[in-house]
Protein chains: 2
Amino acid sequence: MSKESAGKKVVRVGLLGFGVVGTGAAKIILDSSPPLVDVTGIEVRLQRAYTRDLKKARPVTLKPGVLTSDALSVVNDPEVDIVVEVIGGIEPARALILKALQNGKSVVTANKHLLATHGKELFEAALAHNASIGFEASVCGGVPVIGALRDGLVANRIESIHGILNGTTNYILTRMVEEQCSYAQALYEAQNKGYAEADPSLDVKGIDAAHKLVLLANLAFHSIFDFSELHVEGIENLAMEDVRFASQLGYAVKLLATARRRNPGADPDEVPGGLELRVHPALLPQTHPLANVRGVNNAVLVRGSAVGEVMLYGRGAGMMPTGSAIVSDILDAARGSAAQTFTKLQFFQNPRADLPVIPPGKIRSRYYVRFSVEDRPGVMGKLATILGNHGISLASVIQHEPQAAHVPVVILTHTAIEERFREALAEVEKLPFLKKPSAFLRVEE
Amino acid sequence: MSKESAGKKVVRVGLLGFGVVGTGAAKIILDSSPPLVDVTGIEVRLQRAYTRDLKKARPVTLKPGVLTSDALSVVNDPEVDIVVEVIGGIEPARALILKALQNGKSVVTANKHLLATHGKELFEAALAHNASIGFEASVCGGVPVIGALRDGLVANRIESIHGILNGTTNYILTRMVEEQCSYAQALYEAQNKGYAEADPSLDVKGIDAAHKLVLLANLAFHSIFDFSELHVEGIENLAMEDVRFASQLGYAVKLLATARRRNPGADPDEVPGGLELRVHPALLPQTHPLANVRGVNNAVLVRGSAVGEVMLYGRGAGMMPTGSAIVSDILDAARGSAAQTFTKLQFFQNPRADLPVIPPGKIRSRYYVRFSVEDRPGVMGKLATILGNHGISLASVIQHEPQAAHVPVVILTHTAIEERFREALAEVEKLPFLKKPSAFLRVEE
């Protein structure tokens, strides 16, 4: 970075990838609206930009010599101060980011997949080379949730994070609830509107939300977690029927990402405390702040020791929202304030001995379960007895008129350890009068 | 600030005022939970603390010599790096902050009243002495809305800010809607719960919300506004009847703070564009994100050119939430990243020639109006004719059964310039069949 005139700092950006997000960032930098240099005293210049296709028409005008098809020339360019990586995926993004860091350049990236699976390696490299990695753009588009956790809420011991972190699945679930359409229909609509990709696996299987949760947990709990430590379930097997029953019971179904400190419990089944890290569909009371997050929006609800509950909400993706976050990170890196993220050795040396990830079976929750049973006397009694034998008590029950040969029995339980609940479920499923595999969902209060 | 050991920076704080907020900040600093020094590399030390009553029992233990009853000794102490002002009010807070800035110390304050009425003087002094003023604690308690506008959304041209910025009035309005109680009853409850002061004027007259709106507008529109430029109305004359009618029409009534860019309109009545800056009760559609902000919570909805709509939500006040924001600002000042707020001369030299504050009469809005009329034929026609003659067209009408001698007629209009609407209202109010003064509220979409 160079100081050119009185008080003005120039920062030269090397862009890796010129797709949707890269174009958004370039538009903001080149359009100069807002007048960033007036507001921040920092002039951002687009110095080099790598793209595979030099000939492609673009909605921004670049100076001659900026565009290159040689990615390595961007990260090795001594004229580049900050490298923005928006190629996505693992390679070559990983190798290019490592090279940039080794060259002492700070990095800004929207690549949650890479950071959630290779975070330790990358943040360690940043620390070793006194550079920073900005990743505001990787979670919730332009909603400044990374900044909030890192700076605004720094004086809090974070107790929990609950998030709706994937717009595609939230759109699908919103359609299922509001239009009573099936998962398949809603997915088809999402694909038609450009909200879901042709292969929607990363979204609907909860993987994308889990990548983002890793990054939020890293910041909130001051450690580098890995995607492999999370329990992840998607929405691809969610039945319309369960969305409807949940609604009757006063609950919304959301793909919920949870990171929560758990104190040692009284229950001897439980682990001695630690961190829950999980992504799965869940029932949320309709009065819950996250229950009303509709369509492609994202939201993060943070509970901090001093601040109480804080929610940030907005559009989770898209060219301009993500571009907004990237430019904010560039300015952050230029000021040097990004440098404090994971730049203490202890984040790597002491991998949360005091905060182990709780295995999924040891999680405490309430449960929603639907059994399909034969319509004959004594069935409800049998079910309740087995659940009771395993220490699962019932909070409410819905039993409707018979549908064809079977009756759906829907039960909301009180809190229980998940492995106890699963044992009860396994025993129930051996009963002769059970007609279809049962469906179960966790309930968040 | 001094560097003591490898990588650790020490910042020494002088606290002015040891009431509720000061105690919250001190607790966070002294309890060391979260371990701030590990996370940020900055050790915050409470060096001096001014209080009028040295003998008062406090829930924190201070080292001997920290407490003083001489406020000036805090701002003049060469051992103090950052001064935290939580005395409140104009004097002596203003004089002490100016002295601290003149001594080259950065200032952190929760004093919206002072900043909204003496902002120009104080931010100019900060600029002159190369110091910063942090004011995250002055708006929405611990919700990091100042940080979001300053850093996270920096790459946006802000189009509008809508906020519920006062917890007391939002609690009162929530009770009026949900419990059907009168303004007077709800206020009494708020006072009993400690949410409203014995003299609630600053809150219920909209003044506190207006102070906060000034600070948000300063950041969003890169200028120093003054409280006197705002149009402010409170909720103290709001009738239960209107809250109920609004609810029937699908609207919530909120004390809404609005700062919005307005492009030049087609209407010859309008000013050529500028900024709306106003606080008043308003009808919000029940689907509006701010309509569901309940009780003492606050929320800010920002619309930015790149990011679209972003909302931040949380508890707007209290010892620990406000303490959380103060400590975050202390760390910000210690890192030097706070220095960029209003430290460009142009924020003072060029007072928004391009963005004048639009006079209230020139604002465009929809309106809710309730007339109390005699129950006789032709009345509705007369009303509609007069409104129509002034270019006000009706969107919907409710006319109920007569209540005693008069009938309430409730009208929602389409968009109109406020002075045209007021002219129509004045003409209607001269009609002989009008029984009571009419009530009107603006409607936000």
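Treat the numbers as computed from the prediction; the structure is a model and nothing was measured. (Residues numbered from 1 in each chain as written. Chains lettered and ligands numbered in written order. Predicted model: local features only at pLDDT ≥ 70, side-chain atom pairs only at ≥ 80, totals over all residues.)

What chain A contains, in helices and strands, is 15 helices and 18 strands. Over its C-alpha atoms chain A spans a radius of gyration of 24 Å, differing by no more than 12% from the 22 Å that the globule rule assigns to 445 residues. The dimensions of chain A, computed from C-alpha atoms along their principal axes, are 85 × 45 × 35 Å. Taking all 445 residues of chain A together, the buried fraction comes to 50%. (Helix = DSSP H or I, 4+ residues; strand = E, 2+ residues; numbered from the N terminus. Rg over C-alpha atoms; globule rule 2.2 N^0.38 Å. Buried ≥ 20, exposed ≤ 12 C-beta atoms within 10 Å, placed from the backbone.)

What follows concerns the nonpolar core. By size, the foremost hydrophobic cluster in this structure holds 282 residues, and its most contacted members are Leu-213 and Ile-330 of chain A together with Leu-213 and Ile-330 of chain B. Looking at this core element by element, the count peaks at 11 residues for helix H10 (residues 207-221) of chain A. Leave out the neighbours within four places in its chain, and Ile-330 of chain B touches Val-11, Val-13, Val-44, Ile-82, Val-84 and Val-108 of chain B. (Core = buried A, V, L, I, M, F, W, Y, C linked by C-beta atoms within 7 Å. Contact = placed C-beta atoms within 7 Å.)

Omega for the peptide link from Glu-91 of chain A to Pro-92 of chain A comes to 10 degrees, which places this bond in the cis form. Mapping Pro-92 of chain A onto the fold places it in the loop between strand S5 (82-85) and helix H4 (93-102). A positive phi angle is found at Gln-180 of chain B, which is not glycine, with a value near 55 degrees. Secondary-structure assignment places Gln-180 of chain B in the loop between helix H7 (167-178) and helix H8 (183-192). In this structure, His-222 of chain B takes a positive phi of about 55 degrees despite not being glycine. With respect to the helices and strands, the residue His-222 of chain B is situated in the loop between helix H10 (207-221) and strand S9 (231-232).

With that settled, the discussion passes to the interface of chain B and chain A. Size of an interface: often given as the accessible area lost when the parts come together. With 46 residues of chain B in contact, the opposing surface of chain A contributes 47 residues. Those elements that provide at least two residues to the side of chain B that touches chain A are helix H2 (36-40), helix H6 (145-152), strand S13 (308-315) and helix H12 (319-335) of chain B. In terms of residues, the side of chain B that touches chain A owes the most to one element, H12 of chain B, which gives 9 residues. A breakdown of the residues in the side of chain B that touches chain A according to their chemical character gives 20 nonpolar, 18 polar and 8 charged. Inspection of the sheet shows strand S13 (residues 308-315) of chain A paired to S13 of chain B by 5 bridges, in the antiparallel sense. Note on S13 of chain B: the bridge partner recorded for Met-311 of chain A is Tyr-313 of chain B. (Nonpolar A, V, L, I, M, F, W, Y, C, P; charged D, E, K, R; others polar. Pairing = 2+ DSSP bridges.)

Before going further, it helps to spend a moment on the pairing of strand S6 (residues 106-109) of chain A. All names here are of chain A. Neither face of S6 is open: one carries Ser-106 and Val-108, the other Val-107 and Thr-109, and all of them are buried. Two strands pair when backbone bridges link them, and S5 and S6 are joined in this way by 4 bridges, in the parallel orientation. Across the sheet, residue Val-84 finds its bridge partner in S6, namely Val-108. Read as a crossover between parallel neighbours, the route from S5 over H4 to S6 is right-handed. (Right-handed = clockwise from strand over helix to strand, strands pointing away.)

Here the two chain copies are tied together by a rotation about an axis and a shift along that axis. Under the fitted operation, chain B is carried onto chain A by 0.0 Å of movement along the axis and a turn of 180 degrees, and the coordinates agree to an RMSD of 0.0 Å. In the structure described here, the two chain copies are related by an operation that fits a two-fold rotation axis. For chain B, the minimum C-alpha distance to the rotation axis belongs to Leu-312 of chain B and amounts to 2.3 Å. Interface overlap between copies is the fraction of interface residues in one copy that are interface residues in the other; for chain B against chain A it reaches 100%, indicating a shared surface. (Least-squares fit on C-alpha atoms with pLDDT ≥ 70 in both.)

With that out of the way, let us pick up the confidence of the model for chain A. Any region with low pLDDT has predicted coordinates that should not be read closely. Residue and element names in this part refer to chain A. Residue-level pLDDT values for chain A average 90, and 92% of them are 70 or greater. A low-confidence stretch, residues 1-6 (pLDDT under 50), is modelled with 8 contacts involving residues beyond four sequence positions or located in other chains. Model confidence for the complex: the whole-complex pTM is 0.94, and ipTM, which rates the interface, is 0.93. (pLDDT = per-residue confidence, 0-100.)

This part covers helix H4 (residues 93-102) of chain B. Residues and elements named next belong to chain B. Regarding H4, the residues found buried are Ala-93, Leu-96, Ile-97, Ala-100 and Leu-101. Relative to the axis of H4, the buried residues are bounded by an arc of 135 degrees and lie together on one face. On its buried face, H4 sits against strand S2 (9-16), helix H3 (71-75), strand S5 (82-85), strand S6 (106-109) and helix H5 (112-128). (Arc of directions from axis to C-beta.)

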